[in-house]
Amino acid sequence: MRKSLWGILAAVLLGAAPLRAQQPCPRLPVIINTPEDTLMLAVNGADTPQAKVDALTSFAATNPSSTFLPCVYEYLTMTYVKMQDFDKAIEAGEKDLAAHCLDINLMINLLKAYVGAGKATNDAFSLIDQGPEQIRKEMMTTPAGTPEEVEKAKKANEEQVNDVRAFMEYAFFRLLPRVTDPTQRIQNLDAFLKAYPDTKNMNQVNFQYFTAYQMAGNAEKVFEYGEKAVASDPQNVSTLNVVADADATANPPHLDQAATYA
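Sequence positions are assigned chain by chain, starting from 1 and proceeding in written order. Restriction of local features to residues with pLDDT of at least 70 applies here, the model being predicted, together with a cutoff of 80 or more for giving and counting side-chain atom pairs; totals for whole chains, interfaces and linings are based on all residues. Side-chain metrics rest on all non-hydrogen atoms present in the structure, leaving aside hydrogens and water.

## Description of the overall build of the chain
Going by this rule: Strands are runs of DSSP state E lasting at least 2 residues, helices are runs of H or I lasting at least 4, and numbering of each runs from the N terminus. Buried, partly exposed and exposed residues are distinguished by accessible area as a fraction of the type maximum, computed with a 1.4 Å probe on protein chains only: under 20%, between the cut-offs, and over 50%, respectively. Residue contacts are counted whenever heavy atoms from the two residues lie within 4.5 Å of one another. Two residue types count as positive, namely Lys and Arg, and two as negative, namely Asp and Glu; His and chain ends fall outside the count. Charge placement uses NZ in Lys and CZ in Arg. For Asp and Glu, CG and CD serve respectively.
Regarding its fold elements, the chain presents 14 helices and 0 strands. Counting from the amino terminus, the chain carries its helices and strands in the arrangement α-α-α-α-α-α-α-α-α-α-α-α-α-α. For the chain, the spread of C-alpha atoms along the three principal axes comes to 75 × 50 × 30 Å. Across the 262 residues in the chain, those meeting the buried criterion constitute 44%. Long-range contacts, defined here as pairs at least 24 residues apart, represent 61% of the contacts in the chain between residues at least 6 apart. Between the centroid of the 23 positive side chains of the chain and the centroid of its 32 negative side chains there is a distance of 2 Å.

What follows is the structure, given as structure tokens:
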């Protein structure tokens, strides 16, 4: 896997500031002196993650028709991720998905939960594919101020956008190997390339196509993407070995290529 993706993994585990800075449920403002205001005071003042969970679940139970519930579930998703209770984080986050409520913060935390739980579901891949469009909606803003302030804001925004995109790509490559159906893997790769045509991880894309076609027993495509995988990452010893073995055992074998790569 590319070094950049391992860097994103370390950043996620350490709670990197750019990912953490996303605002939860920006579409739902809190009005002062309402039950929602009381809830958020309790959540923000809670001493432990469990205290936050208790306040949020109590509100959901006593206010089942509140329009603020999507925000409640988003905060539950965030909190359960911090507690590493990934199954409950997924359960809370998917309630927002069912209600068609989506923002960058929810996407990041729900994907953390899918990766943490090792669950390569259709919802997980759908979130990743929606990433660029959601980034465009929420993060592609026009800053105001002096020329220096505008330039500084643009740079900070660009860095944050790159971090979010990189995390979503990281999540994709962590989840894809858990898809056991080669046809579904190929469909996931096709959708990923459509959403991220400018990805900097083409070496991983090519290698995963190679692996998927190998699982499917498509010798022609295995050779095609084996060549692409080597061409896009020619110094990767692991890739060279795997492709060499595939070339040597193919029917018919590609012995010259296998010998060169080996």
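## Here we look at the packing of helix 5 (residues 69-82) against helix 7 (residues 104-117)
Condition: Axis definition: a line fitted to C-alpha atoms, over the contacting stretch in the case of helices. Angles run 0 to 180 degrees between N-to-C directions. For this classification, under 35 degrees means roughly parallel, over 145 means roughly antiparallel, 65 to 115 means roughly perpendicular, and everything else is oblique. A crossing counts as left-handed when the near helix is turned anticlockwise from the far one by less than a right angle, and as right-handed when that turn is clockwise. Side-chain classes are defined by residue name, with Ala, Val, Leu, Ile, Met, Phe, Trp, Tyr, Cys and Pro counting as nonpolar, Asp, Glu, Lys and Arg as charged, and the others, Gly among them, as polar.
As a packed pair, helix 5 and helix 7 sit with axes 9 Å apart at the nearest point and diverge in direction by 40 degrees. Between helix 5 and helix 7, the interaxial angle falls into the category oblique. Seen from above, helix 5 lies across helix 7 with left-handed handedness. Contacts between helix 5 and helix 7 involve Glu-74, Thr-77, Met-78 and Val-81 from the first element and Asn-105, Leu-106, Asn-109, Leu-110, Lys-112 and Ala-113 from the second. When its residues are assigned to classes, the contact of helix 5 with helix 7 shows 5 nonpolar, 3 polar and 2 charged.

## Details of the state of the cysteines
Selection rule: Whenever a pair of cysteine sulfur atoms sits within 2.5 Å, that pair is classed as a disulfide.
One pass over the full model with this rule turns up 1 disulfide. One disulfide in the model links Cys-25 with Cys-71; its S-S distance is 1.8 Å. One end of the pair, Cys-25, is in the loop between helix 2 (17-20) and helix 3 (35-45); the other, Cys-71, is in helix 5, and 46 residues separate them in sequence. Exposure class is identical for Cys-25 and Cys-71. Each is buried. As a non-bridged cysteine, Cys-101 has Cys-25 as the owner of its nearest cysteine sulfur, 9.6 Å distant.

## Observations regarding the packing of helix 7 against helix 9 (residues 147-175)
For the pair helix 7 and helix 9, interaxial distance at closest approach is 10 Å and the crossing angle is 25 degrees. Here helix 9 runs roughly parallel to helix 7, going by the angle between their axes. In the crossing of helix 7 with helix 9, the sense of the turn from one axis to the other is left-handed. Taken together, the residues of helix 9 that come into contact with helix 7 (itself represented by Ile-104, Met-107, Ile-108, Leu-111, Lys-112, Tyr-114 and Val-115) are Val-164, Phe-167, Met-168, Tyr-170, Ala-171, Arg-174 and Leu-175. Of the residues assigned to the contact of helix 7 with helix 9, the class counts are 12 nonpolar, no polar and 2 charged.

## Re the pattern of salt bridges
Rules: Salt bridge, as applied in this entry: a Lys or Arg side-chain nitrogen positioned within 4 Å of an Asp or Glu carboxyl oxygen.
Under the defined criterion, the tally for this structure stands at 6 salt bridges. Residue Arg-136 is joined to Glu-133 by a salt bridge in which the shortest nitrogen-to-oxygen separation is 2.5 Å. Of the two residues, Arg-136 and Glu-133 both sit in helix 8 (residues 122-139), 3 residues apart, roughly one turn of that helix. Residue Arg-136 is classed as partly exposed on the basis of its relative accessible area of 46%. A salt bridge links Glu-169 to Arg-165, with the shortest nitrogen-to-oxygen separation between them at 3.7 Å. One end of the pair is Glu-169 and the other is Arg-165, both in helix 9 and 4 residues apart, which spans about a single turn. Side by side, Glu-169 and Arg-165 carry an identical accessibility label, which is buried.

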